[in-house]
Amino acid sequence: MYVNVLLLNGFDKTLTYHVPEHLVADIKTGTVVRVPLQRRFEAALVCKIIPELPEKLPFAVRDVHSFEEFPNDTQFHAFVSLVARYYCTDELGIYHRIRHFLDQEESELEELVVQAIPVKNVVLTDEQQDIVDYILPHVVTPSYQPVLVHGVTGSGKTEVYKKLIQEAFAQGKSTVLLLPEVTLALQFEHLLSEQLPTIPIRGFHSASSPTSKKEVWNALVHGTPLVVVGVHLPVLLPIENLGLIIVDEEHEQGFGEKKHPRLNSKTIALMRAHQYKIPIVLGSATPSVQSLYNAQKYGWKQFAITKRFAGAFPTLQKVVLTTEGQKRRKHFWVSAQLETAIKECFAKKEQVIIFINRRGYSFFVQCKTCGHVFCCTDCSVSLTLHVAQSSELRCHYCGYGTPLPTECPTCKAPERSLLKKGIGTQQAVQIFQEIFPAAVIERADLDSTTKKRSWATTVERFKAGEINMLVGTQTITKGYHFPNVSLVGVLWGDLNLHFPVFNAREVALQQLIQVAGRAGRQRAGGKVIVQVMRDSAVFDYVDEQRYIEFAHKELADRQASNYPPYVRLATLEIRHAKADTVDADAQKIADVLYALEEKGELGVTILGPAHPAVHRIERYELRQILIKAPTVHALQVVVMHAQRVDVKSDVFVVMG
Ligand code: ADP
Ligand code: ZN
């Protein structure tokens, strides 16, 4: 027998090896083998079994040396095929991704910002215990059951997870715990190891070392029960005794991988729980509207924890910067209300967090006189500004484009009144430093990894009270508890609201609630000020106790404009170095799909081709085509047709 293999450390070379008699029984597609290459051995993935060579090769075929043991998870290969089919991709890519660590060098690892963890005696409240009591029988007698836990920030969801993990472990079962970010995974790993010292808690993500990943792999080979914590990878591991999956912060976008194929570990976790017939817990203070919809429609069990275990909810104040009363404010980005609140806060020796929500590079355009936002009337998303020879507004869903007008269509303010760029943290620090010269103001930006260490120091100093005000982006919103922060100010609340995607409102609100949750965690009297350019009902729901109200409204809007969860969505990404080629190819594919749409059998809607918000990455030009379909199956049929079109560009599929 012969095999074609791909080297794990270089994915594009296939090599042929002979399999000696004693290894034949153990080697299958997806097995990792050690093969000789020049004078060393390399790890490689078996991608094809060849019983006999069709013809004699012009060189000597060498023998496979050995194989890596594989955990005894009998459902695993079927699961990998399922995932591959769902994402219209290749199984081998998935095997490659999870087993890549076998050939990784040790490298310098991410620094963890560790917060001290008091170990305390926890007796679950009735609300918490009810959740545990409901889920546990599904662990003991394995059965598929998704459970959505909507617990306000600080309600004690983590305590519920801890109890479940302990109980599953007592049953000899492993748990997979997914968080949307590596830093959060590191914090959970640390917290659980401290608080559950008798249970093996293991990280498996980009910041865990290859050695510790190999240890996890060995434990899986031996069938030892454990808890695997991570972002994308744990749910793709073969785990024989998997008894429970927990997805925390389930609403977050971070579960989607940034590289192709863009697997989403939350989606995969649901597929896995279903296939393995085990319970899955999805927890969040702001559940995704998709999950709330699923709970209604597919009988997911839903729990709500409505009270914070300690502390109170902050009061919320909205300041609309374009109203008459704001006209004479001293600084464009700082209302009198915010300035006064900061002053009061400093007087009481309390701390302030200023938040600038920022995502991506490409922006919508908003009139700073009246708040007008340019939107695509067909797609109900904002238009994105593209600046080349001239400035143009484009819809990156349907491709509609129009020159940037020279005045605001609503209030007729001149072009210089059109805001085309956000405000950065650096600029914000300068502004506040001018207003409060005596205050220690620092920024928290995690844009570059080289700044990780200084970020750790900043967190420590902020906690110690050496910094009065922290100005930051998303990085400050998650996972950190700063007990002395009593004021959170959001400079430009509209920013994410008009990010050009159909779920912009949902994502913006979830983020605002997260930031708002930083104020007054430990005690009453916290305050949140959200400054906005144009008012929207969304801002009233920054009070997280009203989140479900928002979700109902949002669902109605989605249904009216035909977006998920009422349709299935996929994006085709077409990529080539040359703009002419990518345009021609995207059009060629779109034409084929429009023909399918016209036939009307599949009930699909095609939008585009269009320029994505960021349409040039490194040396590639990108275009996209959006597909809406009533079912996953219809979506997959359309994608299949697209993949068959003969084009020069690369075509990637992004589900959802
Ligand atoms: P969440 O994850 O929902 O935001 P946490 O699990 O972090 O909330 O809980 C908030 C705080 O309340 C934590 O300090 C946690 O230890 C504490 N807490 C929650 N439930 C209990 C309990 N039953 N007994 C003691 N402390 C609790
Ligand atoms: Zn459009």
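Residues numbered from 1 in each chain as written. Chains lettered and ligands numbered in written order. Predicted model: local features only at pLDDT ≥ 70, side-chain atom pairs only at ≥ 80, totals over all residues. Heavy atoms only, no water.

We now examine the domain arrangement of the chain. The domains assigned to the chain are domain 1 (2–68), domain 2 (108–305), domain 3 (315–362 + 422–557) and domain 4 (568–655). Distance from the C-alpha centre of domain 1 to the C-alpha centre of domain 4: 36 Å. (Domains from an automatic or database assignment.)

Moving on, we come to the environment of Ile589. By secondary structure assignment, the location of Ile589 is in helix α15 (residues 579–599). The sequence separation of Ile589 and Arg644 amounts to 55 residues, and the corresponding C-alpha distance is 9.1 Å. The residues contacting Ile589, other than those within four sequence positions of it, are Leu572, Ile574, Ile625, Ala642, Val645, Val647 and Val651. (Helix = DSSP H or I, 4+ residues; strand = E, 2+ residues; numbered from the N terminus. Contact = heavy atoms within 4.5 Å.)

Turning our attention to the nonpolar core. Membership of the largest hydrophobic core comes to 112 residues, with the highest contact counts inside it found for Ile245, Leu572, Ile589 and Leu593. Not counting residues within four places of it along the chain, the set of residues in contact with Leu572 comprises Ile589, Leu593, Arg623, Gln624, Ile625, Ile627, Ala642, Val651, Phe652 and Val653. (Core = buried A, V, L, I, M, F, W, Y, C linked by side-chain atoms within 4.5 Å. Buried < 20%, exposed > 50% of the residue type's maximum accessible area, 1.4 Å probe, protein only.)

Now for the packing of helix α13 (residues 504–516) against helix α14 (residues 547–561). One can describe the packing of α13 onto α14 by two numbers: an axis separation of 11 Å at closest approach and a directional angle of 170°. On the basis of their axis angle, the class for α13 and α14 is roughly antiparallel. The element α13 and its partner α14 pack so that their crossing is right-handed. Contact residues: Arg505, Glu506, Leu509, Gln510 and Ile513 in α13; Tyr547, Phe550, Glu554, Asp557 and Arg558 in α14. Here the contact of α13 with α14 is composed, by residue class, of four nonpolar, one polar and five charged. (Axes fitted to C-alpha atoms, helices over the stretch in contact; angles between N-to-C directions. Parallel < 35°, antiparallel > 145°, perpendicular 65-115°, else oblique. Left-handed = near helix turned anticlockwise from the far one by under 90°. Nonpolar A, V, L, I, M, F, W, Y, C, P; charged D, E, K, R; others polar.)

Moving on, we get to the site of ligand 1. Lining the immediate environment of ligand 1, one finds 15 residues, of which Val123, Gly154, Lys157, Thr158 and Glu159 sit closest. Between ligand 1 and Ser155 there is a distance of 3.3 Å, counted from an oxygen atom to a backbone nitrogen or oxygen. When isolated, ligand 1 has an accessible area of 560 Å², and the protein chains bury 79% of it. Per-element tally for the shell around ligand 1: the top contributor is helix α4 (residues 157–170), with three residues. Here the residues of the shell around ligand 1 are counted per class, giving five nonpolar, seven polar and three charged. (Near = heavy atom within 4 Å. Polar contact = N/O pair within 3.5 Å; in protein donor to acceptor, adjacent residues only side chain to side chain. Areas by Shrake-Rupley, 256 points an atom, 1.4 Å probe, with all protein chains shown as cover.)

The next thing to look at is the packing of aromatic side chains. Here the structure, examined in full by the defined rule, presents 17 aromatic pairs. Summarising the aromatic geometry, the rings of Phe462 and Phe482 are spaced 4.9 Å apart at their centres and angled 70° between planes, so their arrangement reads as edge-to-face. Separated by 20 residues along the polypeptide, Phe462 in helix α11 (residues 452–463) and Phe482 in the loop between β21 (469–472) and β22 (485–490) bring together distant segments of the chain. The side chain of Lys368 reaches across the aromatic face of Phe332, ending 4.8 Å from its centre. Stacked on the ring of Tyr620, the Lys or Arg Arg575 has its end atom at 4.2 Å from the ring centre. (Phe/Tyr/Trp six-rings, centres within 6.5 Å; stacked < 30°, edge-to-face > 60°. Lys NZ or Arg CZ within 6 Å of the ring centre and 35° of its normal.)

Here we come to a negative patch on the surface. A cluster of like negative charges, contributed by Asp126, Glu127, Asp130 and Asp133, occupies part of the molecular surface. Tracing the backbone shows Glu127 in helix α3 (residues 126–140). (Patch = residues over 30% accessible without salt bridge, like charges linked within 9 Å, V, L, I, M, F, W, Y side chains within 5 Å. Salt bridge = Lys/Arg side-chain N within 4 Å of Asp/Glu carboxyl O. Lys, Arg positive; Asp, Glu negative; His and termini not counted. Charge placed at Lys NZ, Arg CZ, Asp CG, Glu CD.)

A few words now on unusual backbone geometry. At the junction of Pro564 and Pro565, the peptide bond is cis and its omega measures out at 10° in the coordinates. Inspection of the secondary structure puts Pro565 in the loop between α14 and β24 (568–576). The omega torsion of the bond from Gly608 to Pro609 falls at 5°, within 30 degrees of zero and hence cis. Counting through the fold element by element, Pro609 comes out in strand β25 (residues 605–610). In this structure, Glu249 takes a positive phi of about 50° despite not being glycine. Within the secondary structure layout, Glu249 lies in the loop between β10 (242–248) and α7 (265–276). Of note in this structure, Ser380 is not a glycine but carries a positive phi near 40°. For Ser380, a relative accessible area of 46% corresponds to the partly exposed category.

The next thing to look at is the sheet that holds strand β5 (residues 66–67). For sheets, the rule is that strands pair by backbone hydrogen bonds, running either parallel or antiparallel. Taken in spatial order, the five strands line up as β2-β1-β4-β3-β5 in an open sheet, and their pairing is antiparallel. Each edge of the open sheet is held by one strand with a lone partner, namely β2 (14–18) and β5. The sheet contact formed by strand β1 (residues 2–7) and β2 spans five bridges and is antiparallel. Looking across to β2, one finds that Leu6 is bridged to Thr14. (Pairing = 2+ DSSP bridges.)

Taking 1.5 Å as the rise per residue, α3 with 15 residues should run 21 Å; its terminal C-alpha atoms sit 21 Å apart, in good agreement. Here α3 has its buried residues at Gln128, Ile131, Val132, Ile135, Leu136, His138 and Val139. Residues of α3 that are buried in the fold lie against β6 (145–151), α4, β10, β11 (279–284) and β12 (301–305). (Expected span 1.5 Å × (residues − 1).)

The zinc ion (ligand 2) binds to the protein through Cys376 (SG), Cys379 (SG), Cys395 (SG) and Cys398 (SG); the donor distances cover 2.3 Å. Classification of the site at the zinc ion (ligand 2) as tetrahedral follows from its four donor atoms and the range of 105 to 114° in their angles at the metal. Motif for the zinc ion (ligand 2), donor spacing along one chain: C-x2-C-x15-C-x2-C. One end of the pair, Cys379, is in the loop between β15 (366–367) and β16 (384–387); the other, Cys398, is in the loop between β17 (391–394) and β18 (401–403), with 19 residues separating them in the sequence. (Donors = N, O, S within 2.8 Å, 3.2 Å for Na, K, Ca; no water. Tetrahedral: all angles 85-135°; square planar, octahedral: opposite > 155°, others 65-115°.)

What follows deals with the packing of α4 against helix α5 (residues 182–195). Two elements in contact, α4 and α5, have axes whose closest approach is 12 Å; the angle formed by their N-to-C orientations is 60°. For the element pair α4 / α5, the angle class is oblique. For α4 against α5, the interelement crossing comes out right-handed. In contact with Thr158, Tyr161, Lys162 and Ile165 of α4, α5 contributes Phe188, Leu191, Leu192 and Gln195. Broken down by class, the residue content of the contact of α4 with α5 amounts to five nonpolar, two polar and one charged.

What the six strands build is an open sheet, ordered β13-β23-β22-β14-β21-β20; its pairing is parallel. Two strands bound the open sheet, and with one partner strand each, they are β13 (315–320) and β20 (441–444). Across the sheet, the axes of successive neighbouring strands diverge by a mean angle of 20°, strand direction being ignored. Both β20 and β21 contribute to a ladder of four bridges, which runs parallel. Within β21, the residue paired with Glu442 across the bridge is Leu470. Where helix α10 (residues 425–435) meets the sheet, its contacts fall on β14 (351–355), β20 and β21, and the angle it forms with β20 comes to roughly 165°.

A few words on the pattern of salt bridges. Overall, the coordinates contain 27 salt bridges when judged by the stated rule. The salt bridge partner of Arg546 is Glu549, with a shortest N-O separation of 3.0 Å. With a relative accessible area of 29%, Arg546 lands in the partly exposed category. A salt bridge links Glu554 to Arg558; its shortest N-O distance comes to 2.8 Å. In this pair, Glu554 and Arg558 are both assigned in helix α14, four residues apart and thus about one turn of the helix distant. Of the two residues examined, Glu554 and Arg558, each falls in the buried class.

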